[in-house]
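Coordinates in review
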Amino acid sequence: MILYNAQDKTCTLHTRNSTYQMKVWDYHILLHTYYGPRLAGSDDLSYLFRRSDRGFSPNPSEAGGDRTFSLDTFPQEYSTCGVGDYRLPSIELELPSGSRTADLRYIKCEIRRGKYVLEGLPAFHGDEEEWETLRIVLRDAAAQVEVELLYGVLEEYDLITRAVLVRNVGDTAIRLCRCASLCLDFTRADLDFITFNGAHVMERCPSRAPLRPGIQSVDSVRGASSHQHNPFVVLCDKTAGEDCGLCYGAMLLYSGNFQAAAERDQFENARLVMGLNPYHFTWTLEPGAVFTAPEAAMVCSPAGFGQMSRQFHRAIRKNLIRDPWADRRKPVLINHWEATEADFTADRLVDIAREAPELGLELFVMDDGWFGRRNDDNAGLGDWLVNEEKLPGGLEALVERIKALGMEFGIWIEPEMVNEDSELYRAHPDWTLNVPGRKSSRGRNQLVLDFSRGDVRDHIYGQIKAVLSSADISYVKWDMNRSLTEVWSAALPAGRQGEVYHRYVLGVYEFAERMRRDFPHILIEGCAGGGGRFDGGMLYYTPQIWCSDNTDAVDRLRIQYGTSFCYPVSTMGAHVSAVPNGCTGRVTPMETRGVVAMSGTFGYEMDLSKCTPEEKEIIRRQAAIFKEHYDLIQDGDYYRLSDPFQNGRFTAWEHVSHDRREALVSLVTGQFHGAPPFLALQIRGLDPALRYRVNGGGTLYGGDVLMRAGYPLPILPGDYQGMQLYIQAEDEQV
Ligand code: DGJ
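Quick caveat: nothing in here was measured; it's all calculated off a predicted structure. (Residues numbered from 1 in each chain as written. Predicted model: local features only at pLDDT ≥ 70, side-chain atom pairs only at ≥ 80, totals over all residues. Heavy atoms only, no water.)

The subject of this paragraph is the pattern of salt bridges. For the structure on display, the rule yields 63 salt bridges. Residue arginine 314 pairs with aspartate 637 through a salt bridge whose shortest N-O separation is 3.0 Å. Taken together, the residues span a long stretch of sequence, with arginine 314 in helix H1 (residues 304-319) and aspartate 637 in strand S31 (residues 637-640) at a distance of 323 residues. One exposure class covers both arginine 314 and aspartate 637, and it is buried. The shortest N-O distance in the salt bridge between aspartate 368 and arginine 374 comes to 2.9 Å. Salt bridges sharing common partners tie together Asp85, Arg87, Asp185, Asp265 and Arg271. (Salt bridge = Lys/Arg side-chain N within 4 Å of Asp/Glu carboxyl O. Helix = DSSP H or I, 4+ residues; strand = E, 2+ residues; numbered from the N terminus. Buried < 20%, exposed > 50% of the residue type's maximum accessible area, 1.4 Å probe, protein only.)

Now the structure itself:
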């Protein structure tokens, strides 16, 4: 619910469990007054502000002799630059004079039902009944710039989205040098800042630290959201945990260079600013032109991280993922990459696929290596024509063979890249991102195509479209295997090179949207060397993303744990692979690998023709369990029951049905040591008034009993043992 009080000049946004408020204050400055647990009414909360003459905090000229008003000391709704607030700016404009200031004053606001859309950018969506939109217009009179702050309120899921439009209303071109999507001021600084960090093959590991004086930030300058830091962060009470404490999660729906910065200021206030990374960013706005900053989304949970995550999960599943994949069951797949890499023939693929349908697997994915002269990762990218030496008779012949086995067919692409050893590069060496006079850096021996250019995208799209139209293909894995360097585009003049990083991402989105439009039945899985572009932006186009190139079950416990703080399991690509694991060399039981991969999109990544009869039996059982509990796992409420970074004895998590009548607890033990303790696991999310059976056993347990006293865990000798508890309610009441 959004309420504007004309008398107080406050705007109050209520969600189910949170309230957010801003107020038009003296001199038409828009201040932020509150974001926290839901308040019953919409009282003006500016009574909390204190006026005081603070040394070295300037006063706007309109304040005359009043030295108690400063932009530097009051919480701002969207911070300005160079006019008195020395904290993190949200916007920076370079005016024709060369000055770099921005001073925004409130003009008007409007409230309407439904959700705004952002042209060419990903955004949460939904119908009129679910959403309300608030539009606030601010103006910088000297710069002749209008800034629209957009807020979407998805009350049920406590989600508040934000976006920013900057319009040049003057008659000379100006330059935007910074344009954040979210600015969130707190009148307290005793907060912890949690970020999700890592590297290729070890993504999204949480790191929690108290806010210290000054600025702490995470970002990407790699052109993709990156393996190293994720565009999702949390600010929380120092005492916040899974089930307690106030926490604020903020995600950016963006797949390129971002920055999330938190500042603790001189007066113990805090500010979070999140959006496009100002690194190498400038955008020229001609008169009348509009720039749209990507969408950000926030959830405030007064009841800990668990509730925050579950609200993000619901919103992402229902209001970010688009039809038909919000509801349609996704197939259990088998991918041959870890078994063969690019060294395969059609016969070899058919051998791997042959027994898959009988084991319950439904989709065969042909990974990297089917095109051009691609026998390893040194050649062929850019030539999206079937390599008939490997696949005699072409794609259609192979697809028919796979379909005759009773499986759907999927294919791998990497449209943004090119090898120098390719027909495309020989014909168009100028189509890559490269700086005149410099030799381009290679990553995995490949160069990056200039996806900011429509002509480059059109050419690649034409090839990909022909491939996807040539056979019955129902899945695409869209990979991206290097970061950007030498970012310069031959299509833009010198003064606009600061636009290339962002135009590249817009190009990726445009390409993805075309694929969705032309092939609505195709399930697209995003991938960037695993989880290098795992973000809300890509999820708008690709309903699942390969979580990591690390398929080791023990490392995946950590990676999937960190990922779950924002993203639902239905978006996390996860497969059972062979052991010893190719990344870690670790040997884990097949049951354990299944338990871990099942908390994802689920599939296999191995040579089935080499599996023993026992292993095949396990696969058959796992696929059946996954399908039986598909809705519970993919659509249920997710509970983290332990932290794999803290608890060496076991990692456990749980999926609970919406009616709380069913739950699936998954658990993987750590290294086994002598004299193990007898542990009981407190289950969460059940109905205390119902009685439950565990794994179909004879005993009935009260929901309250399982949640408070817990369920006794068996002793499982051996390292990294996996188990599941299926918990189902009986009709009888306690
Ligand atoms: C990186 C991906 O994450 C892998 O799964 C595989 O598709 C390779 N690229 C292929 O080059």
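Moving on from the model shown.
Further remarks concern the site of the ligand. Lining the immediate environment of the ligand, one finds 13 residues, of which Asp367, Asp368, Lys477, Asp479 and Asp549 sit closest. A distance of 2.8 Å separates an oxygen atom of the ligand from a polar side-chain atom of arginine 444. For the ligand, an oxygen atom lies 3.0 Å from a polar atom in the backbone of glycine 530. Bound to the protein, the ligand loses 98% of the 300 Å² it would expose on its own. (Near = heavy atom within 4 Å. Polar contact = N/O pair within 3.5 Å; in protein donor to acceptor, adjacent residues only side chain to side chain. Areas by Shrake-Rupley, 256 points an atom, 1.4 Å probe, with all protein chains shown as cover.)

A full pass over the atoms with the stated rule returns 35 aromatic pairs. Ring geometry for phenylalanine 371 against tryptophan 384: centres 4.4 Å apart, planes inclined by 45°, an arrangement best described as tilted. Here tryptophan 384 lies in the loop between strand S21 (363-366) and helix H5 (394-405) and phenylalanine 371 lies in the loop between S21 and H5, a separation of 13 residues in the sequence. Here the two residues phenylalanine 371 and tryptophan 384 agree in accessibility, since each one is buried. (Phe/Tyr/Trp six-rings, centres within 6.5 Å; stacked < 30°, edge-to-face > 60°.)

Further remarks concern helix H7 (residues 454-469). The first and last C-alpha atoms of H7 sit 21 Å apart over 16 residues, in line with the 22 Å expected at 1.5 Å per residue. Along H7, the residues classified as buried are Val456, Arg457, Ile460, Tyr461, Gln463, Ile464, Val467 and Leu468. An end-on view of H7 places all buried positions within 165° of arc, on one side of the element. Residues of H7 that are buried make contact with H5, strand S22 (408-413), helix H6 (423-427), strand S25 (475-478) and helix H8 (500-518). (Expected span 1.5 Å × (residues − 1). Arc of directions from axis to C-beta. Contact = heavy atoms within 4.5 Å.)

Here we come to the side chain of serine 46. Considering the arrangement of structural elements, one finds serine 46 in the loop between strand S4 (30-37) and strand S5 (91-94). Beyond its immediate sequence surroundings of up to four residues, serine 46 is in contact with Lys23, Trp25 and Thr33.

What follows covers the packing of H7 against H8. Between H7 and H8, the shortest axis-to-axis distance is 11 Å and the interhelical angle comes to 30°. Judged on the interaxial angle alone, H8 and H7 are roughly parallel. Between H7 and H8 lies a crossing whose hand is right-handed. Packed against H7, whose contacting residues are Arg457, Asp458, Ile460, Tyr461, Ile464, Lys465 and Leu468, the element H8 presents Gly507, Glu510, Phe511, Arg514, Met515 and Asp518 at the interface. Partitioned by chemical class, the residues of the contact of H7 with H8 number 6 nonpolar, 1 polar and 6 charged. (Axes fitted to C-alpha atoms, helices over the stretch in contact; angles between N-to-C directions. Parallel < 35°, antiparallel > 145°, perpendicular 65-115°, else oblique. Left-handed = near helix turned anticlockwise from the far one by under 90°. Nonpolar A, V, L, I, M, F, W, Y, C, P; charged D, E, K, R; others polar.)

Moving on to the sheet that holds strand S2 (residues 10-14). If you trace the 4 strands from one edge of the open sheet to the other, you get S1-S2-S3-S4, paired in antiparallel fashion. Looking at which strands have only one partner, the edges of the open sheet turn out to be strand S1 (2-5) and S4. Each adjacent strand pair in this sheet contributes to an overall mean axis angle of 15°, direction not counted. Both S1 and S2 contribute to a ladder of 4 bridges, which runs antiparallel. Each residue of the ladder has a partner; that of asparagine 5, found in S2, is threonine 10. (Pairing = 2+ DSSP bridges.)

Two numbers describe how helix H3 (residues 346-353) lies on H5: the axes approach to 10 Å, and their chain directions differ by 15°. Overall, the two elements H3 and H5 adopt an arrangement that is roughly parallel. Note that H3 runs across H5; the crossing there is right-handed. Within the contact between the two elements, H3 uses Ala346, Asp347, Leu349, Val350 and Ala353 and H5 uses Leu398, Arg401, Ile402 and Leu405.

What follows is about the nonpolar core. One finds Met366 and Trp370 to be the most contacted residues of the largest nonpolar core, which totals 208 residues. Top element by residues in this core is H8. It accounts for 9 residues. For methionine 366, the contacting residues outside a window of four places in its chain are His336, Phe344, Leu349, Leu391, Leu395, Leu398, Phe409, Gly410, Ile411 and Trp412. Ranked by size, the runner-up nonpolar core spans 22 residues in total, among them Leu686, Leu690, Met707 and Met723. (Core = buried A, V, L, I, M, F, W, Y, C linked by side-chain atoms within 4.5 Å.)

Applying the stated criterion across every chain yields a total of 0 disulfides. Of all cysteine sulfurs, the one in cysteine 177 lies closest to cysteine 81, which takes part in no disulfide; the gap is 8.6 Å. The class for cysteine 81 is buried, based on a relative accessible area of 10%. Residue cysteine 205 stays outside any disulfide, its sulfur separated by 11 Å from that of cysteine 547, the closest cysteine. With relative accessibility at 15%, the residue cysteine 205 sits in the buried group. (Disulfide = S-S within 2.5 Å.)

Negative charge collects at one region of the surface, where Asp127, Glu128, Glu129 and Glu130 lie side by side. By secondary structure assignment, the location of glutamate 128 is in the loop between strand S6 (105-113) and strand S7 (131-140). (Patch = residues over 30% accessible without salt bridge, like charges linked within 9 Å, V, L, I, M, F, W, Y side chains within 5 Å. Lys, Arg positive; Asp, Glu negative; His and termini not counted. Charge placed at Lys NZ, Arg CZ, Asp CG, Glu CD.)

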